[in-house]
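So the chains spell out like this:
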Amino acid sequence: MNILGIETSCDETSGAILRNGHVCSSVISSQLCHTSFGGVVPELASREHERLIVSIVDAAITEANITKNELDAIAATAGPGLIGAVMVGLSFAQGLAWALGIPFVPVNHIEAHIFSPFISEGACHRAPEGCFVSLTVSGGHTLLSVVEPDLSYTVVGRTLDDAAGEAFDKTGKMLGLPYPAGPVIDKLAEQGDPSFHLFPRALTSRSQSSKSWLGNFDFSFSGMKTSVLTWLQRQTSEFIEFHKADIAASIQAAIVGVLVEKSMAVVRSRGIRALSIAGGVSANSALRNAMQEACDREGVTLYLPKTLYSTDNAAMIATLANLKISRGMKAECHYNITPYASFAAAKR
Ligand code: KG4
Ligand code: ZN
């Protein structure tokens, strides 16, 4: 069974082939045309996907040592994402599936992130057995969900404003770092002191005097973002330049601290012994380390995607399609894109 996965929801054009549940090729091209704008420009993203889609899919098929006639199904991101960007991959995938006479499987981008820790490359196959708690943290989403063995899930917490990745990117921009600033802050923070400045941690035990935060699994990062901005405005540019690594480490500590506290609170409250982190921010080394320490302390198994599969990729799209097909889900012949911004909001 060869499944072609296609991902074009934001600024990565990606194609992957999954054979019998294992990844045989994964091609990811990250768009560099947005760097000078400090964020993704939707129209540029769509045009870049259009320019690259044929060669990326071709490369994925060639790398897997097959021809397109050996494909059994095609899966593509059907949202959420930038609508024009999603439409490029979705239309291409449906056109190819129709031309080859094979099934098409629409995949929800956030759900694909949730299952990305279980992408198999052959040797390291780890199927989720019981329930697990998933922290999905990307540039557009931050949500905590409880995932059942039948792939269904319930969102128990989400951001009320900015996503964690957005908090990294926007505070990084204030520090003069290029887009996306998340990985740059991660690297810079290695040389910094995370206790240099205490930025606020909203809706946590630290920020609430009463116990009202207990059982509140929502996040809020906009206050922290404003606090970084006003604090930076009070410093000289020499001071900021000299302490850039310390400031980056302090910002990272504030974001990571909240993510760990809330995830462990869900694990504890639900009595679930497995936790996974997925989405672009799951590549963050401080988050990985802090979450691993917290899980070790409480005897919880932590599942992490390979860093290659933390950010957007087509292997996760093909993997979720495979899980759905193996659980009897019928593939569709035609799928219309839904212009929703947040699947999490729709599910809640
Ligand atoms: O999942 P993703 O590739 O795209 C979305 O679906 O949004 O996530 C991109 C986000 C960006 O905000 C980026 O700054 C962040 O993930 N990111 C990181 C790291 N690598 C990517 N944030 C912190 N540390 C990293 N190492
Ligand atoms: Zn994503």
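Here the residue numbering is sequential within each chain, running from 1 through the sequence in written order. Whichever chain is written first becomes A and whichever ligand is written first becomes 1, with later ones labelled in order. It should be noted that, the model being predicted, local features are given only for residues of pLDDT at least 70 and side-chain atom pairs only at 80 or more, the latter also being counted only at that level, while totals for whole chains, interfaces and linings use all residues. Derived side-chain values reflect all non-hydrogen atoms in the structure, with water molecules and hydrogen atoms excluded from consideration.

Engineer: Sorry if this is basic, but what is going on with the layout of surface pockets here?
Structural biologist: One way to see where empty space is left: roll a probe the size of a water molecule over the atoms. Here the term cavity refers to a set of points on a 1 Å grid, laid over the protein atoms alone, in which a 1.4 Å probe fits but cannot get out; the term pocket refers to an open set having protein on both sides within 12 Å along at least five of seven lines, with lining residues being those that place an atom within 4 Å of a point. Grid points are joined across faces, edges and corners, and a volume is the space filled by probe spheres set on the points. Of the pockets and cavities examined, the largest pocket occupies roughly 1,200 Å³. What lines the largest pocket is a set of 42 residues, among which Cys-10, Asp-11, Gly-139, Asp-169 and Tyr-179 lie closest to the centre. Mapped onto the lining of the largest pocket, the elements with two or more residues apiece are β3 (22–30), α3 (109–114), α4 (164–174) and α5 (181–189). For the lining of the largest pocket, the element with the highest residue contribution is α4, accounting for six residues. Only Asp, Glu, Lys and Arg are considered charged in this grouping, and only Ala, Val, Leu, Ile, Met, Phe, Trp, Tyr, Cys and Pro are considered nonpolar; every other residue, Gly among them, is considered polar. For the lining of the largest pocket, the per-class residue count stands at 15 nonpolar, 19 polar and eight charged. What counts as a domain boundary in this text is fixed by an automatic or database domain assignment. Both domains that meet at the lining of the largest pocket, namely domain 1 (2–116 + 310–326) and domain 2 (129–304), each give it at least three residues. Numbering of helices and strands runs from the N terminus; a helix is a DSSP stretch of H or I covering at least four residues, while a strand is a stretch of E covering at least two.

Engineer: What is the right way to read the pattern of salt bridges from this model?
Structural biologist: Close approach of charged atoms allows side chains of opposite charge to pair. Any Lys or Arg side-chain nitrogen located within 4 Å of an Asp or Glu carboxyl oxygen qualifies as a salt bridge. As enumerated under the stated definition, the model contains nine salt bridges in all. A salt bridge links Lys-306 to Glu-121, with the shortest nitrogen-to-oxygen separation between them at 2.8 Å. Taken as a pair, Lys-306 in the loop between β10 (301–303) and α10 (315–326) and Glu-121 in the loop between α3 and β6 (132–137) lie far apart in primary sequence, 185 residues in all. Lys-306 sits in the partly exposed class, given a relative accessible area of 45%. Here Glu-298 and Arg-268 are joined by a salt bridge, their closest N and O atoms 2.8 Å apart. Of this pair, Glu-298 sits in helix α9 (residues 285–298) while Arg-268 is found in helix α8 (residues 244–270), placing the two residues 30 residues apart along the sequence. Given a relative accessible area of 26%, Glu-298 falls into the partly exposed group. Note on exposure labels: buried denotes an accessible area under 20% of the residue type's maximum, exposed denotes more than 50%, and partly exposed covers the range between, all computed with a 1.4 Å probe on protein chains only.

Engineer: Is there a simple way to think about the site of ligand 1 in this case?
Structural biologist: Within the structure, ligand 1 sits among 18 residues, and Gly-139, Asp-169, Asp-186, Asn-284 and Asp-312 are positioned closest to it. Here a polar contact is taken to be a pair of N or O atoms separated by no more than 3.5 Å, where protein atoms must pair a possible hydrogen donor with a possible acceptor and residues adjacent in sequence count only if both atoms sit in side chains. The separation between an oxygen atom of ligand 1 and a polar main-chain atom of Gly-139 is 2.8 Å. The side chain of Asp-169 places a nitrogen or oxygen atom 2.6 Å from an oxygen atom of ligand 1. Judged by the fraction of its atoms near the pocket grid, ligand 1 is located in the largest pocket. Those elements that place two or more of their residues in the shell around ligand 1 are α3, α4 and α5. Here the shell around ligand 1 is built from residues that sort into five nonpolar, 10 polar and three charged. If you count residues domain by domain, the shell around ligand 1 takes at least three from each of domain 1 (2–116 + 310–326) and domain 2 (129–304). Near is defined per residue: the residue qualifies when any heavy atom it owns lies within 4 Å of the molecule or strand. Should more than half of a molecule's atoms lie within 2 Å of a pocket's or cavity's grid points, that molecule is taken to sit in it.

Engineer: Help me understand the packing of aromatic side chains, please; the structure alone is not making it clear to me.
Structural biologist: Under the pairing criterion, centres of Phe, Tyr and Trp rings, with the six-membered ring standing for Trp, must be within 6.5 Å; the plane angle then separates stacked pairs below 30 degrees from edge-to-face pairs above 60, leaving the rest tilted. One pass over the structure, following the stated rule, counts eight aromatic pairs. Ring plane angle 90° and centroid distance 5.6 Å describe the contact between Phe-199 and Trp-231, whose orientation is recorded as edge-to-face. Taken together, the positions of Phe-199 in the loop between α5 and α6 (222–233) and Trp-231 in helix α6 put the pair 32 residues apart, joining distant regions of the chain. Here Phe-199 matches Trp-231 in class, with each residue buried. Three or more aromatic residues joined by ring pairs form one cluster here, namely Phe-115, Phe-118, Phe-132 and Tyr-303.

Engineer: Any chance you could explain the coordination of the zinc ion (ligand 2) here in plain terms?
Structural biologist: Geometrically, a metal with four donors at the corners of a regular tetrahedron has ideal angles of 109.5 degrees, and one with six donors at the corners of a regular octahedron has ideal angles of 90 or 180 degrees. Shown as donors are all N, O and S atoms within 2.8 Å of a metal ion, widened to 3.2 Å for Na, K and Ca; because water is not in the atom set, sites may appear incomplete. Within the first shell, the zinc ion (ligand 2) binds the protein through His-109 (NE2), His-113 (NE2) and Asp-312 (OD), at distances of 2.0 to 2.2 Å. Of note, the zinc ion (ligand 2) draws all its donor residues from one chain, in the sequence arrangement H-x3-H-x198-D. Of the two residues, His-109 and His-113 are both situated in helix α3; the distance of four residues between them amounts to about one turn of the helix. Note on accessibility: His-109 and His-113 belong to one class, buried.

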